[in-house]
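Below are the chains, spelled out letter by letter.
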Amino acid sequence: MVFNTDTAKKTAELLLQINAIKLNPKNPFTWASGWKSPIYCDNRVTLSFPPIRNYIREEFAKHIEKLYGKPDVIAGVATGAIGIGMLVAEYMGLPFVYVRPEPKKHGRQNQVEGFLQKGQNVVVVEDLISTGNSSLLAVEALKAAGANVKGMVAIFTYGFDVAAENFKNANINLNTLGDYNTLLELAVAKSYITETEQETLKEWRKSPSTWGQ
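Residues numbered from 1 in each chain as written. Predicted model: local features only at pLDDT ≥ 70, side-chain atom pairs only at ≥ 80, totals over all residues. Heavy atoms only, no water.

## What about the packing of helix H1 (residues 5–17) against helix H2 (residues 50–68)?
Moving on, step 1. The contact between H1 and H2 brings their axes to 11 Å, and the two run at 155 degrees. It follows that H1 is roughly antiparallel to H2 by the angle criterion. Handedness of the crossing formed by H1 with H2: left-handed. In this structure, H1 uses Thr7, Lys10, Thr11 and Leu14 to contact H2, whose residues at the interface are Ile52, Tyr55, Glu59 and His63.
Moving on, step 2. For the contact of H1 with H2, a count of residues per class yields three nonpolar, three polar and two charged. (Axes fitted to C-alpha atoms, helices over the stretch in contact; angles between N-to-C directions. Helix = DSSP H or I, 4+ residues; strand = E, 2+ residues; numbered from the N terminus. Parallel < 35°, antiparallel > 145°, perpendicular 65-115°, else oblique. Left-handed = near helix turned anticlockwise from the far one by under 90°. Contact = heavy atoms within 4.5 Å. Nonpolar A, V, L, I, M, F, W, Y, C, P; charged D, E, K, R; others polar.)

Right under this line is the structure:
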């Protein structure tokens, strides 16, 4: 769920302004999974715009404390959320770790990088939620390292049913700054897309794995 409506609208507006979210229903993108998609989201672009990254950092910090109290550690999911996670940790005056997709093949073979003690309360920062699979793998790695994972926050979610189910099954609380429905409404209102294109984008989300085939 999103933190609140005002934050979701503001986040959508900022992401559209800097082309972090690209909407192209007529010429779909191909995701790494092979899915055809009329939308592509690259939240790493926000790091290049100080006022926007500061907004995201401060909204995250405010809502993390409100939802979970002040955790012991902030964890970022590699690689997309390392930058913004570090900014949040710095702003909150907290230690930071990040989680690799899998353990290193050499050296200490770490999957969680940084100093983490067993029993510490951790909030995970993510940049984007699609199915939630990779995000939840990071949660499992943190739990395996002895962390008490309080929940996860993310910049944006596509709002897939499969993601909601995955987080429910994992018993992990997810909250986001922005969401798909708010983004589409604003994109139409600000003439980034037409109402016809909005319908295409709504149809895609119903069955993203088969859309466009």
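## Some thoughts on the sheet that holds strand S6 (residues 96–99)
Moving on, step 1. The six strands lie next to each other as S7-S6-S5-S8-S9-S10, forming an open sheet whose pairing is mixed. Whereas interior strands pair on both sides, the edge strands pair on one side only; in this sheet they are strand S7 (112–113) and strand S10 (174–179).
Moving on, step 2. Helix-sheet contacts for helix H4 (residues 133–144) involve strand S5 (73–77), S6, S7, strand S8 (121–129) and strand S9 (148–157), and the interaxial angle to S8 is about 165 degrees.
Moving on, step 3. Sheet contacts for helix H6 (residues 180–189): S9 and S10; angle to S10, the most-contacted strand, approximately 10 degrees. (Pairing = 2+ DSSP bridges.)

## What about the side chain of threonine 131?
Moving on, step 1. With respect to the secondary-structure elements, threonine 131 resides in the loop between S8 and H4.
Moving on, step 2. Residue threonine 131 is classed as buried on the basis of its relative accessible area of 18%.
Moving on, step 3. One polar contact links threonine 131 to asparagine 133, side chain to side chain, over a distance of 3.3 Å.
Moving on, step 4. Ignoring any residue separated from it by four or fewer positions in sequence, one finds threonine 131 in contact with Trp35, Phe160, Val162, Ala163 and Asn166. (Buried < 20%, exposed > 50% of the residue type's maximum accessible area, 1.4 Å probe, protein only. Polar contact = N/O pair within 3.5 Å; in protein donor to acceptor, adjacent residues only side chain to side chain.)

## Some details on the nonpolar core
Moving on, step 1. By size, the foremost hydrophobic cluster in this structure holds 69 residues, and its most contacted members are Phe60, Ile74 and Leu142.
Moving on, step 2. With seven residues, the single largest contributor to this core is H2.
Moving on, step 3. Setting aside residues no more than four positions away along its own chain, isoleucine 74 makes contact with Ile64, Gly85, Val88, Ala89, Met92, Leu94, Pro95, Phe96, Val97, Val123 and Val125. (Core = buried A, V, L, I, M, F, W, Y, C linked by side-chain atoms within 4.5 Å.)

## Let's talk about the packing of aromatic side chains
Moving on, step 1. With the rule as written, the count across this model stands at twelve aromatic pairs.
Moving on, step 2. When the centroid spacing of 5.7 Å and the interplanar angle of 25 degrees are considered together, the rings of tryptophan 31 and tryptophan 35 count as stacked.
Moving on, step 3. Overall, tryptophan 31 belongs to the buried group, its relative accessible area being 13%.
Moving on, step 4. Given the relative accessible area of 19%, tryptophan 35 is considered buried. (Phe/Tyr/Trp six-rings, centres within 6.5 Å; stacked < 30°, edge-to-face > 60°.)

## As for helix H3 (residues 82–92)
Helical periodicity: at 3.6 residues per turn, an α-helix aligns residues three or four positions apart in one direction.
Moving on, step 1. Buried within H3 are the following residues: Ile84, Gly85, Val88, Ala89 and Met92. Buried residues of H3, seen end-on, are gathered within an arc of 140 degrees and therefore sit on one face of the element.
Moving on, step 2. Packing partners of the buried residues in H3 comprise H2, S5, S6 and S8.
Moving on, step 3. Positive backbone phi, at 70 degrees, marks glycine 93, one or two positions downstream of H3. (Arc of directions from axis to C-beta.)

## Digging into the environment of leucine 174
Moving on, step 1. Considering the arrangement of structural elements, one finds leucine 174 in strand S10.
Moving on, step 2. Using a relative accessible area of 14% as the deciding quantity, one classes leucine 174 as buried.
Moving on, step 3. Spatially, the C-alpha atom of leucine 174 lies 18 Å from that of alanine 89, the residues being 85 residues apart in sequence.
Moving on, step 4. Those residues in contact with leucine 174, other than ones at most four positions away along the chain, are Met1, Ile129, Met152, Ala154 and Phe167.

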